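Tertiary structure, described
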Amino acid sequence: LHTAYRRQRQMCIRDRGDINQLRWFLLLNIIPQCLRALVVWNKSTQEFVLVTAITIVENFIGGAVTVACFNFMFSHVLPDIEGTHYAVYASLEALGKIIVGASANFAVEQTGFRQVFVAAVALSLVPLLLSYSRSIQHTKQADISNKIF
């Protein structure tokens with residue numbers, strides 16, 4: 001029983017490191033989204049150099065978020081079926097990007113560029129908020145298990 005508790009505690013510590021890394025990159029991902037929305041809303045900032053710099057930063061951070069996301073997914077697979085489990089995670093992640101990309105044109109036609117960029121900033125907050133809510137639930141479960149043992 002004590003060994004199972006120790007193993008669970010080690011997994012919680014590892015999970016906390018993975019989720020913190022993912023949160024950090026998700027937070028960084030919001031910065032270029034806000035800058036891009038600022039450029040769309042303010043015509044005086046629509047200069048080639050500024051837009052190019054924001055695009056470079058956005059692509060770099062987007063790549064870092066992808067790496068952190070896949071690292072997080074791979075560290076949370078079931079050992080018995082890790083290849084299949086990881087493939088399902090990766091497929092769902094790619095499907096999410098495809099759905100958002102395909103619906104972006106429709107959203108721009110219906111609402112306009114400005115509203116879509118503001119919505120992108122708001123949607124960038126959703127995974128960050130979900131990761132914090134998961135962390136709060138995980139902490140409550142750990143507190144309960146500490147009281148039991």
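Refer to the structure above for everything that follows.
Note that the coordinates shown come from a computational prediction; the quantities given were computed from them, not determined experimentally.

**Some remarks on helix α3 (residues 82-111)**
- With 30 residues, α3 extends 42 Å from end C-alpha to end C-alpha; this agrees with the ideal 44 Å at 1.5 Å per step.
- In α3, a bend of some 35° at Ala104 exceeds every other bend along the element.
- Buried within α3 are the following residues: His85, Ala90 and Glu93.
- Its buried side turned inward, α3 meets α2 (48-74).
- Trailing α3 by a residue or two, Gly112 shows a phi angle of about 105°, which is positive.

**Section: the nonpolar core**
- Core analysis: the largest hydrophobic core is formed by 13 residues, its most contacted members being Leu22, Phe25, Leu26 and Val65.
- Of all elements in the fold, only α1 (2-41) and α2 reach the threshold of two or more residues within this core.
- Broken down by element, this core gets its largest block of residues, 7 residues, from α2.

**What to know about the packing of aromatic side chains**
- Tallying each qualifying case throughout the model produces 2 aromatic pairs.
- Between Phe70 and Tyr86, the aromatic rings sit 6.0 Å apart at their centres with planes inclined by 65°, giving edge-to-face as the arrangement. Of the two residues, Phe70 is situated in helix α2 and Tyr86 in helix α3; the sequence distance between them amounts to 16 residues.
- Judged by its relative accessible area of 24%, Tyr86 falls in the partly exposed class.

**A closer look at α2**
- With 27 residues, α2 should reach 39 Å at 1.5 Å per residue; the first-to-last C-alpha distance of 39 Å fits that figure.
- All buried positions along α2 are accounted for by Ile54, Glu58, Ile61, Ala64, Val65, Ala68, Cys69, Phe72 and Met73.

**Considerations on the layout of surface pockets**
- Put simply, the largest pocket is a space of about 1500 Å³.
- For the largest pocket, the lining is made up of 37 residues, of which Gly96, Lys97, Val100, Leu123 and Pro127 are closest to its centre.
- If one sorts the elements of the lining of the largest pocket by residue count, helix α4 (residues 113-148) sits on top with 12 residues.
- Within the lining of the largest pocket, the residues separate by chemical class into 20 nonpolar, 12 polar and 5 charged.

**As for the pattern of salt bridges**
- Enumeration over the complete set of coordinates arrives at 2 salt bridges.
- We note a salt bridge from Arg36 to Glu58, for which the minimum N-O separation is 2.4 Å. Highlighted residues: Arg36 in helix α1 and Glu58 in helix α2, separated in sequence by 22 residues. Grouping residues by exposure puts Arg36 and Glu58 together as buried.
- Across the salt bridge formed by Glu93 and Lys97, the nearest N and O atoms sit 3.1 Å from each other.

The rules behind the values
Residues numbered from 1 in each chain as written. Predicted model: local features only at pLDDT ≥ 70, side-chain atom pairs only at ≥ 80, totals over all residues. Heavy atoms only, no water. Helix = DSSP H or I, 4+ residues; strand = E, 2+ residues; numbered from the N terminus. Expected span 1.5 Å × (residues − 1). Bend = angle between axes of the 7 residues up to and from the residue. Buried < 20%, exposed > 50% of the residue type's maximum accessible area, 1.4 Å probe, protein only. Contact = heavy atoms within 4.5 Å. Core = buried A, V, L, I, M, F, W, Y, C linked by side-chain atoms within 4.5 Å. Phe/Tyr/Trp six-rings, centres within 6.5 Å; stacked < 30°, edge-to-face > 60°. 1 Å grid on protein atoms, 1.4 Å probe; cavity = no way out; pocket = protein on both sides within 12 Å on 5 of 7 lines; lining within 4 Å. Points joined across faces, edges and corners; volume = space filled by probe spheres on them. Nonpolar A, V, L, I, M, F, W, Y, C, P; charged D, E, K, R; others polar. Salt bridge = Lys/Arg side-chain N within 4 Å of Asp/Glu carboxyl O.

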